Amino acid sequence: MAGKTKLPDDLLIDKRKGLPEALKFLFADYPRDIWRKHKNMGELTTFWLSRHDQFRRAATTLNANNQAFLEGQIDPKTFSHNMVPGFNALLGGLTEHHTMEDHHYFPKFRVVEPKLARGFEILDEDHHALHAAIENVAQTANNFMQSEGRDNLLRTGDKFVDANAKLLAFLMRHLEDEEDLIVPILLDRSEATVMGQGH
Ligand SMILES: [Fe+2]
Ligand SMILES: [Fe+2]
């Protein structure tokens, strides 16, 4: 983050309601309802979109478990024990996914469509915000799992659930905006052209 131009608040992940209009000129030609049947919809884009859907489902399931815990349907010990595998899978998957995007994909997209460079600054900043949110979830999860006694478990569990709800909201915002920025580029230029840029 150091050395980069700071984005205005209304473009940050916790304030934004979608991509700014200035970055939607390609999206206007490639709205979501034509993506799946477009002739340039390729294997890589299909795989990438399905990975996003897996993240959405995993985060939604975790949040539903959290809600059940908040409502007293799962006791704290069971909740603490059951949440770990799904949570670790989501965090590990997201970290790997963002690394690929930051180092392998985004540089190519920036070259192909320089007028959308601001969009990649937003997505890059989102990745930092998501990682801070992930660390917060991991920290609150650790506090929760190390708590003793029902009152402490309930208190630290609430904090964990709040942190997780924030991560889910961030993730949903990021995935939607990222797709709205990137899929139109891939459909407009084709995967072969885009992926052939740089290395
Ligand atoms: Fe991303
Ligand atoms: Fe992504």
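Every value quoted in this text rests on a predicted model; they were computed, and no experiment measured them. (Residues numbered from 1 in each chain as written. Chains lettered and ligands numbered in written order. Predicted model: local features only at pLDDT ≥ 70, side-chain atom pairs only at ≥ 80, totals over all residues. Heavy atoms only, no water.)

**Student:** Can you tell me about the overall build of the protein, naming the residues and giving the values?
**Tutor:** What the protein contains, in helices and strands, is seven helices and zero strands. Ordered by position from N to C terminus, the α and β elements of the protein give α-α-α-α-α-α-α. Along the three orthogonal principal directions, the C-alpha set of the protein runs to about 60 × 40 × 30 Å. Put simply, of all contacts in the protein between residues at least 6 apart along the chain, 83% involve residues at least 24 apart. A total accessible area of about 10500 Å² is found for the protein, and carbon and sulfur atoms account for 54% of it. The centroid of the 24 positive side-chain charges in the protein is displaced by 1 Å from the centroid of its 30 negative side-chain charges. (Helix = DSSP H or I, 4+ residues; strand = E, 2+ residues; numbered from the N terminus. Contact = heavy atoms within 4.5 Å. Areas by Shrake-Rupley, 256 points an atom, 1.4 Å probe, with all protein chains shown as cover. Lys, Arg positive; Asp, Glu negative; His and termini not counted. Charge placed at Lys NZ, Arg CZ, Asp CG, Glu CD.)

**Student:** Can you tell me about the nonpolar core, naming the residues and giving the values?
**Tutor:** By size, the foremost hydrophobic cluster in this structure holds 27 residues, and its most contacted members are Trp35, Phe109, Phe120, Leu181, Ile182 and Ile185. In terms of residue count, the dominant contributor to this core is helix α6 (residues 150-189) (six residues). Residues in contact with Ile182, not counting those within four places in the same chain, are Trp48, Phe106, Phe109, Phe120 and Leu123. Formed by 26 residues, the second largest nonpolar core is a distinct cluster that contains Ile13, Phe79, Phe160 and Phe170. (Core = buried A, V, L, I, M, F, W, Y, C linked by side-chain atoms within 4.5 Å. Buried < 20%, exposed > 50% of the residue type's maximum accessible area, 1.4 Å probe, protein only.)

**Student:** For the coordination of the iron ion (ligand 1), give the residues involved together with the corresponding values.
**Tutor:** For the iron ion (ligand 1), the full set of protein donor atoms is Glu101 (OE), His127 (NE2), His174 (NE2) and Glu178 (OE), at a range of 2.1 to 2.2 Å. Coordination at the iron ion (ligand 1) comes from four donor atoms whose angles at the metal span 83 to 174°, giving a geometry best classed as irregular. Read N to C, the donor residues that coordinate the iron ion (ligand 1) are spaced as E-x25-H-x46-H-x3-E. Separation of the iron ion (ligand 1) from the iron ion (ligand 2) amounts to 3.3 Å, with Glu101 serving as a shared donor to the pair. On the criterion of sequence distance, the pair formed by His127 in helix α5 (residues 117-145) and Glu178 in helix α6 is long-range, its members being 51 residues apart. Considered together, His127 and Glu178 belong to a single accessibility category, that of buried residues. (Donors = N, O, S within 2.8 Å, 3.2 Å for Na, K, Ca; no water. Tetrahedral: all angles 85-135°; square planar, octahedral: opposite > 155°, others 65-115°.)

**Student:** Please provide a residue-by-residue account of the coordination of the iron ion (ligand 2), values included.
**Tutor:** Here the iron ion (ligand 2) is held by the protein donor atoms His52 (NE2), His97 (NE2), Glu101 (OE) and Glu178 (OE), which lie 1.9 to 2.2 Å from it. Sequence spacing among the residues donating to the iron ion (ligand 2) works out to H-x44-H-x3-E-x76-E. Assessed through its relative accessible area of 0%, Glu178 is described here as buried.

**Student:** Hey, could you go over the packing of aromatic side chains for me, with residue numbers and the actual values?
**Tutor:** As enumerated under the stated definition, the model contains six aromatic pairs in all. For the pair Phe27 and Trp35, a centre-to-centre distance of 6.5 Å together with 80° between the ring planes defines the contact as edge-to-face. Pair check on accessibility: Phe27 and Trp35 agree, each one buried. Here Phe109 and Phe120 contribute two aromatic rings whose centre-to-centre distance is 5.9 Å and whose plane-to-plane angle is 20°, an arrangement assigned as stacked. (Phe/Tyr/Trp six-rings, centres within 6.5 Å; stacked < 30°, edge-to-face > 60°.)

**Student:** Tell me about the environment of Thr193, and please be specific about residues and values.
**Tutor:** Note on placement: Thr193 falls in helix α7 (residues 191-195). For Thr193, a relative accessible area of 40% puts it in the partly exposed group. Residues Thr193 and Val112, spaced 81 residues apart in sequence, show a C-alpha to C-alpha distance of 8.6 Å. Among the polar contacts listed, one links the side chain of Thr193 to the backbone oxygen of Arg189, at a separation of 3.0 Å. (Polar contact = N/O pair within 3.5 Å; in protein donor to acceptor, adjacent residues only side chain to side chain.)

**Student:** Mind laying out the packing of α5 against α6, listing which residues take part and the relevant values?
**Tutor:** The relative placement of two packed helices is expressed as an angle between their axes plus a distance between the axes. Two elements in contact, α5 and α6, have axes whose closest approach is 9 Å; the angle formed by their N-to-C orientations is 160°. Judged by the angle between their axes, α5 and α6 are roughly antiparallel. Considering how the two elements wind past one another, α5 and α6 form a crossing that is left-handed. (Axes fitted to C-alpha atoms, helices over the stretch in contact; angles between N-to-C directions. Parallel < 35°, antiparallel > 145°, perpendicular 65-115°, else oblique. Left-handed = near helix turned anticlockwise from the far one by under 90°.)

**Student:** With reference to specific residues and values, describe the confidence of the model for the protein.
**Tutor:** Of the residues in the protein, 96% have a pLDDT of 70 or more, and the chain-wide mean is 91. Confidence, read as mean pLDDT per element, is least for helix α4 (residues 76-112) in the protein (88) and greatest for helix α2 (residues 32-35) (98). (pLDDT = per-residue confidence, 0-100.)

**Student:** Please provide a residue-by-residue account of the packing of α4 against α5, values included.
**Tutor:** Viewed as axis vectors pointing N to C, α4 and α5 meet at an angle of 160°, and their least axial separation amounts to 10 Å. Considering the angle they form, α4 stands roughly antiparallel to α5. At the point where α4 passes α5, the crossing takes the left-handed sense. The class makeup of the residues in the contact of α4 with α5 is 19 nonpolar, five polar and five charged. (Nonpolar A, V, L, I, M, F, W, Y, C, P; charged D, E, K, R; others polar.)

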